[in-house]
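Here's the letter readout for the chains.
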Amino acid sequence: MAARQTGLATALLLLGCLAAGAQAQQPGAAVPAAPAEPAPQQVPAAIVESIQIGLSTDRISITSDFSGADLTIFGALDNADPLINRQGRYDVIVVLEGPMRPIVVRKKERVLGVWINTDSETFVSAPASYSVATTRALQDITDQNNFRQLALGTDNIYIAPLDRTGDPVKIDEFEAALRGLKRTSGLYSENISGVQFLTQSLFRASLRLAPNVPVGTHKARAFLFKNGIFVKESSAQLAIQKAGFEQTLFRFANTNGFAYGVISVLLAIVIGWLGRVIFRRD
Amino acid sequence: MGIYLPIAEMSVNLFVLLAMGAAVGFLSGMFGVGGGFLITPLLIFYNIPPAIAVATGANQVIASSFSGALAHFKRGTIDFKLGTVLLLGGIFGSTFGVWVFKLLRQLGQLDLFVSLLYVGLLGTVGALMLVESVNALRAARKGDTTGLRRPGQHNWIHKLPLKMRFRASKLFVSVIPVLVLGAAIGFLASIMGVGGGFIMVPAMIYLLKVPTNVVIGTSLFQIIFTSAYTTIIHSATNHTVDVVLAVALMVGGVAGAQYGAKAGQKLRGEQLRALLALLVLAVAIRLALDLFVRPPNIYSLSPLVVL
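Computed from a predicted model, the values in this text were never measured in an experiment.

Quick notes on the rules
- Residues numbered from 1 in each chain as written.
- Chains lettered and ligands numbered in written order.
- Predicted model: local features only at pLDDT ≥ 70, side-chain atom pairs only at ≥ 80, totals over all residues.
- Heavy atoms only, no water.
- Helix = DSSP H or I, 4+ residues; strand = E, 2+ residues; numbered from the N terminus.
- Buried < 20%, exposed > 50% of the residue type's maximum accessible area, 1.4 Å probe, protein only.
- Contact = heavy atoms within 4.5 Å.
- Areas by Shrake-Rupley, 256 points an atom, 1.4 Å probe, with all protein chains shown as cover.
- Pairing = 2+ DSSP bridges.
- Salt bridge = Lys/Arg side-chain N within 4 Å of Asp/Glu carboxyl O.
- Core = buried A, V, L, I, M, F, W, Y, C linked by side-chain atoms within 4.5 Å.
- Phe/Tyr/Trp six-rings, centres within 6.5 Å; stacked < 30°, edge-to-face > 60°.
- Lys NZ or Arg CZ within 6 Å of the ring centre and 35° of its normal.
- 1 Å grid on protein atoms, 1.4 Å probe; cavity = no way out; pocket = protein on both sides within 12 Å on 5 of 7 lines; lining within 4 Å.
- Points joined across faces, edges and corners; volume = space filled by probe spheres on them.
- Nonpolar A, V, L, I, M, F, W, Y, C, P; charged D, E, K, R; others polar.
- Expected span 1.5 Å × (residues − 1).
- Buried area = accessible area lost by both parts, 1.4 Å probe.
- Polar contact = N/O pair within 3.5 Å; in protein donor to acceptor, adjacent residues only side chain to side chain.
- Patch = residues over 30% accessible without salt bridge, like charges linked within 9 Å, V, L, I, M, F, W, Y side chains within 5 Å.
- Axes fitted to C-alpha atoms, helices over the stretch in contact; angles between N-to-C directions.
- Parallel < 35°, antiparallel > 145°, perpendicular 65-115°, else oblique.
- Left-handed = near helix turned anticlockwise from the far one by under 90°.

**Student:** Can you help me understand the overall build of chain A in this one?
**Tutor:** Across its full length, chain A holds 7 helices and 15 strands. Every one of the 282 residues in chain A was classed for burial, and the buried ones make up 46%. Considering only contacts in chain A between residues 6 or more positions apart, those separated by 24 or more positions represent 75%. When the accessible area of chain A is evaluated, it comes to approximately 13,100 Å², of which 56% is carbon and sulfur surface.

**Student:** Just checking my understanding: could you explain the sheet that holds strand β10 (residues 160-161) of chain A for this structure?
**Tutor:** Either a parallel or an antiparallel arrangement is found when strands of a sheet pair, and the pairing is made through backbone hydrogen bonds. One open sheet accounts for 4 strands, arranged β10(A)-β8(A)-β7(A)-β5(B); its pairing is antiparallel. One side of each edge strand has no neighbouring strand; the edge strands of this open sheet are β10 of chain A together with β5 (299-303) of chain B. Here strand β7 (residues 100-111) of chain A runs beside strand β8 (residues 114-127) of chain A; their pairing, made up of 11 bridges, is antiparallel. Residue pairing for β8(A): K107(A) is matched across the bridge by D119(A).

**Student:** Looking at this structure, I do not really get the pattern of salt bridges. What am I missing?
**Tutor:** Between side chains of opposite charge, a pair can form as their charged atoms come close. Residue and element names in this part refer to chain A. If you walk through the whole model with that rule in mind, you get 11 salt bridges over all chains. A salt bridge links D70 to R208, with the nearest nitrogen and oxygen atoms 3.0 Å apart. In this pair, D70 is assigned in strand β5 (residues 69-78) and R208 in strand β13 (residues 202-209), connecting sequence segments 138 residues apart. For R183, the salt bridge goes to D155, with nearest N and O atoms at 2.6 Å. With R183 in helix α5 (residues 168-184) and D155 in the loop between α4 (144-150) and β10, this pair connects stretches of sequence that are 28 residues apart. Overlapping salt bridges bring together E97, R221 and E233 as one network.

**Student:** Sorry, what's going on with the nonpolar core here?
**Tutor:** Across soluble globular proteins, nonpolar side chains show a tendency to be buried alongside one another. In terms of nonpolar packing, the biggest core is built from 73 residues, with L5(B), F37(B), I48(B) and M204(B) touching the most fellow members. Setting aside residues up to four positions removed in sequence, L5(B) forms contacts with M10(B), V12(B), L17(B), I48(B), D242(B), V244(B) and L245(B). In this structure, I73(A), L77(A), V213(A) and L238(A) belong to the second largest nonpolar core, which totals 31 residues.

**Student:** Explain the environment of T72(A) to me, please; I cannot follow it from the model alone.
**Tutor:** Along the polypeptide, T72(A) turns up in strand β5. The class of T72(A) is buried, set by a relative accessible area of 12%.

**Student:** What is the right way to read the packing of aromatic side chains from this model?
**Tutor:** The description of two aromatic rings rests on the distance between their centres and on the angle between their planes. Inspection of every chain in the model, using the stated rule, returns 12 aromatic pairs over all chains. With a centroid separation of 6.0 Å and 70° between ring planes, the pair formed by F252(A) and Y260(A) is classed as edge-to-face. A relative accessible area of 26% places F252(A) in the partly exposed class. Grouping aromatic residues by their ring pairs yields a cluster made of F147(A), F223(A), F225(A) and F230(A). The side chain of R286(B) reaches across the aromatic face of F45(B), ending 4.2 Å from its centre.

**Student:** Is there a simple way to think about empty space enclosed by the protein in this case?
**Tutor:** One water molecule sets the probe size; rolling that probe over the atoms shows where empty space is left. Residue and element names in this part refer to chain B. Using the criterion set out here, one finds 4 cavities of 30 Å³ or more in the structure. Among the secondary structure elements, those contributing two or more residues to the lining of the second largest cavity are α2 (36-45), α7 (197-208) and α8 (212-237). The dominant element in the lining of the second largest cavity, judged by the number of residues it contributes, is α8, at 4 residues. Residue composition of the lining of the second largest cavity, by class: 9 nonpolar, 8 polar and no charged.

**Student:** What's the story with helix α7 (residues 257-278) of chain A in this structure? I'm lost.
**Tutor:** The first and last C-alpha atoms of α7(A) sit 31 Å apart over 22 residues, in line with the 32 Å expected at 1.5 Å per residue. Where α7(A) is buried, its residues touch α6 (244-255) of chain A together with α3 (50-75), α8 and α9 (243-265) of chain B.

**Student:** For this particular structure, what's the right way to read the pairing of strand β15 (residues 229-242) of chain A?
**Tutor:** On a regular strand, one side chain projects to one face of the sheet and the next to the other, so that they alternate. All names here are of chain A. As paired elements, strand β4 (residues 59-62) and β15 share 4 bridges and run parallel to each other. Bridged to R59 within β15 is A239. Linkage of strand β14 (residues 216-226) to β15, two consecutive antiparallel strands, is achieved through a turn of 2 residues, within which N227 is found at a positive phi near 50°.

**Student:** Mind showing me how you'd approach the interface of chain A and chain B here?
**Tutor:** Interface extent is often summarised as the accessible area lost during association of the parts. On the chain B side, the residues contacting the 54 residues of chain A number 52 residues. Here chain A packs against chain B, burying approximately 4,800 Å² in sum over the two surfaces, 64% of which is carbon and sulfur. Our count for the chain A to chain B interface comes out at 0 salt bridges. The interface formed by chain A and chain B holds 18 residue pairs in polar contact (both at pLDDT 80 or more) in total. Contributing elements (two or more residues each) for the side of chain A that touches chain B: β7, β8, α5, α6 and α7 of chain A. Looking at the side of chain A that touches chain B residue by residue, the classes come out as 28 nonpolar, 13 polar and 13 charged. Two strands pair when backbone bridges link them, and β7(A) and β5(B) are joined in this way by 5 bridges, in the antiparallel orientation. When the sheet's bridge partners are listed, V105(A) is paired in β5(B) with L301(B).

**Student:** How should I be thinking about the side chain of S302(B) in this particular structure?
**Tutor:** Here S302(B) is to be found in strand β5. For S302(B), the side chain forms a polar contact with the side chain of R106(A), separated by 3.4 Å. Ignoring anything within four residues of it in the chain, the contact list for S302(B) reads I103(A), V104(A) and R106(A).

**Student:** Looking at this model, I keep getting lost on the side chain of T40(B). Mind explaining?
**Tutor:** Residues and elements named next belong to chain B. Within the secondary structure layout, T40 lies in helix α2. A polar atom in the side chain of T40 sits 3.5 Å from the backbone oxygen of M192. In this structure, T40 is in contact with A53, V54, G57, Y118, M192 and G193, ignoring residues within four places of it in sequence.

**Student:** Can you help me understand a nonpolar patch on the surface in this one?
**Tutor:** On the surface, V270(A), W273(A), L274(A), V277(A) and I278(A) cluster together into a nonpolar patch covering about 460 Å² of accessible area. In this structure, V277(A) sits in helix α7.

**Student:** What should I look at first to understand the packing of helix α5 (residues 110-142) of chain B against α7(B) in this one?
**Tutor:** Working note: a packed helix pair is described by the angle between its axes plus the distance between those axes. Residue and element names in this part refer to chain B. Two elements in contact, α5 and α7, have axes whose closest approach is 11 Å; the angle formed by their N-to-C orientations is 50°. The angle between α5 and α7 places the two elements in the oblique class. Here α5 runs over α7; the crossing is left-handed. Across from L121, L122, V125 and E132 in α5, the residues of α7 making contact are F198, I199 and Y206. In the contact of α5 with α7, the residues fall into 6 nonpolar, no polar and 1 charged.

**Student:** Could you clarify how one ought to interpret the packing of α7(A) against α9(B) in this entry?
**Tutor:** For the pair α7(A) and α9(B), the least separation of the axes is 10 Å and the interaxial angle reads 15°. By the criterion of interaxial angle, the relationship of α7(A) to α9(B) is roughly parallel. As α7(A) runs across α9(B), the sense of the crossing is right-handed. For the pair α7(A) and α9(B), contact is made by Y260(A), S264(A), L267(A), A268(A), I271(A) and G275(A) and by V243(B), V247(B), M250(B) and V254(B), respectively.

Keep in mind these values describe shape, not function.
What follows is the structure, encoded as structure tokens:
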């Protein structure tokens, strides 16, 4: 019995694939920094399950025709108890968390008939994007307190205000607005039953990358729950970056804005001149 | 077909951009305006962040102004001396404008300020133009023709010191109002992403009494430089010029302009001015609605800007 389970651990399948739109660079660089959790040498008396995920690439490039993409992450359970597995009491939540960025939430009010930004709250770090895939509805997996402790789910991510001593009611209000706006723009999303078990130990998570997915280092994390109790976590890194030309332009614009501006102007002059030559009006 | 804008960091439809450029190019060719006052609001309606719409609008204006100025250069209807003095003022105005732009962005009031400027200026200019052109249309129907320029009529502006002679414009006027006008246009160019032709042209005609035939060429000449300067400063300080967006707009605009110019030749001057006035008013009203109607969400997100 125990031997069979260690066998499973070594047969761990680390795969990942990416559909539509995004091009995976360096497809050869498979099984990346998928970390951690070396399979235990001797299986202890009490079975401890663990979870592993892997991505086929550690880098996604956004090309000029990028319009969002579906990211599939494969993962496996180690030492899964077949009985619990058959009862469907294992739950997996996979999260792809974007880079942390400071952000300002502003609120409009009507002043003399005109809608004006009157109030604002600055948050020092909020994940720029956050998408979740789960085996079941969140409330069916475990209770709200556990989620809050793990800072798991779009409602529970910890978003730190700049002014920690500020009015908590106001901070809550603006934080809720931040989550709401991010959800509306598709940057915070939850895909209930986006994680499916393919076999007793192998699972697949489908996550949605929004068209405006932020560039930077994203972190994929998988959480394993057994009978509603958090067991293990595993993570992998994923760099989302602009593809060659877009990346070059972006970097150039941000590091050498002056030269970028001069080139933009020259380009405009050339196009204006060409327009005059091609479409002569007089 | 989607295209990813590297600076705006979003995917948009390339054909929408080309069509937008072509439509504005058509109108700018028809009315002889740069079209910046149309392109920036259109980009904002299309969900491009206002900061990027403004800076990229300034870049787009260069192409159409350069194209137009070449034609005027050939005809010799540019007063280079007057243009250069306007330009000097423009550089001061633009530098100040870019600084105010960044300050407003930090305060979260940029969108409001840009909208207010658009509504105020477009509303005023549009209304004045409409009244003037309707009067002209009425007069034309009765059969008498009145020129825009009434020579010999001087105002307080011509009593200011530091006078300078502008031969091409047959003008002897103080440099103070010229510099101030240039600075005001430069300020507007950097905050609104416009060339400023729609203010520059009437101001030159009515305030400085520049002859109508050199007004447009000179205005275009100085707009090229003011917009170029604005583009570079925005790019260097705010990193908000999206060159992919600008090129898509310019290509559409350059192509649209020639058809617009042909269409414009079929209409009379006062008819053109009346149509332009209606267009300007329509943009102003559309922007005013956004100011006064309750927004769908009273909260908004913006990146943290540090001065």
